[in-house]
Amino acid sequence: MLKILFSRSYRDDIEKYNVVENPPLAFDIRHTSEDIINPLSVEMIKEIDKSDVIGPNLIQSPVLGPIPPQTLSGGVKTLIMINQHPDMIFNATHCGDNCSPYLLKIAKNKDITINLRYLMHFDLDDNDEIFIVNDGSVVKNNKEFTYKGYKFLEG
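Description of the structure in this document. Please read these numbers as outputs of a predicted model, since none were measured by experiment. (Residues numbered from 1 in each chain as written. Predicted model: local features only at pLDDT ≥ 70, side-chain atom pairs only at ≥ 80, totals over all residues. Heavy atoms only, no water.)

Brief notes about the overall build of the chain
Working step 1: Along its length, the chain carries 6 helices and 8 strands.
Working step 2: Moving toward the C terminus, one meets the helices and strands of the chain in the order β-α-α-α-β-β-β-α-β-α-β-β-β-α.
Working step 3: For 155 residues, the compact-globule formula gives about 15 Å, and the C-alpha radius of gyration of the chain, at 15 Å, lands near that figure.
Working step 4: Each principal axis of the C-alpha distribution contributes one length, and for the chain these read about 45 × 35 × 25 Å.
Working step 5: Residue burial in the chain is summarised as follows: out of 155 residues, 45% are buried.
Working step 6: Pairs at least 24 residues apart make up 56% of the contacts formed inside the chain by residues separated by at least 6 positions.
Working step 7: Within the structure as shown, the chain displays about 7900 Å² of accessible surface, and the carbon and sulfur contribution to it stands at 50%.
Working step 8: The positive charge centre, built from 16 side chains, and the negative charge centre, built from 22, are 3 Å apart in the chain. (Helix = DSSP H or I, 4+ residues; strand = E, 2+ residues; numbered from the N terminus. Rg over C-alpha atoms; globule rule 2.2 N^0.38 Å. Buried < 20%, exposed > 50% of the residue type's maximum accessible area, 1.4 Å probe, protein only. Contact = heavy atoms within 4.5 Å. Areas by Shrake-Rupley, 256 points an atom, 1.4 Å probe, with all protein chains shown as cover. Lys, Arg positive; Asp, Glu negative; His and termini not counted. Charge placed at Lys NZ, Arg CZ, Asp CG, Glu CD.)

In structure tokens form, the structure reads like this:
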């Protein structure tokens, strides 16, 4: 299940939850070769960054040419960290709306918790549920999610 902790800033709620504030930097420090060649990582890199994984240390970008994994977008780096370390809470504010389908996909197989500081767009279907950490509620559609997110982000 996808669990979301909404907060307006670092000091609001997340210090007590031990949120990884900068997932792209954590990726640069902690990623492994297996993280890059994982089939879901390859798919996310292709879909979000429009790039092809050639090997664990080489990615072919249509814009930048051959790049190392450290040059991937912050969104892809964050998604890879979330998938590879589901026991940790990551600030997913680095992710754009194009990452939301992958957050739902990862959450179908693992319980993951993320922190958001903006109202990410999700296309929730009948099988999707999101747990809102702030109040312990579960939302099952876009209207409920938008209402809850706005409530906690705008106060």
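So, next bit.
Digging into the environment of Asn 98
Working step 1: Positionally, Asn 98 belongs in the loop between strand 5 (89-91) and helix 5 (100-107).
Working step 2: For the pair Asn 98 and Ile 67, spaced 31 residues apart in the sequence, the C-alpha separation amounts to 21 Å.

As for the pairing of strand 1 (residues 2-6)
Working step 1: In terms of burial, strand 1 is largely enclosed, as 4 of its 5 residues are buried.
Working step 2: Here strand 1 pairs with strand 7 (residues 130-132) via 3 bridges, running parallel. Directly across from Lys 3, in strand 7, lies its bridge partner Phe 131. (Pairing = 2+ DSSP bridges.)

What to know about the sheet that holds strand 7
Working step 1: Spatially, 5-6-1-7-8 is the arrangement adopted by the 5 strands of the open sheet, whose pairing is mixed. The open sheet terminates on both sides in strands that have one partner only, identified here as strand 5 and strand 8 (137-139). In this sheet, adjacent strand axes meet at a mean angle of 30° when their direction is disregarded.
Working step 2: With 5 bridges connecting them, strand 1 and strand 6 (residues 112-116) associate as parallel partners. If you follow Lys 3 over to strand 6, its bridge partner there is Thr 113. (Axes fitted to C-alpha atoms, helices over the stretch in contact; angles between N-to-C directions.)

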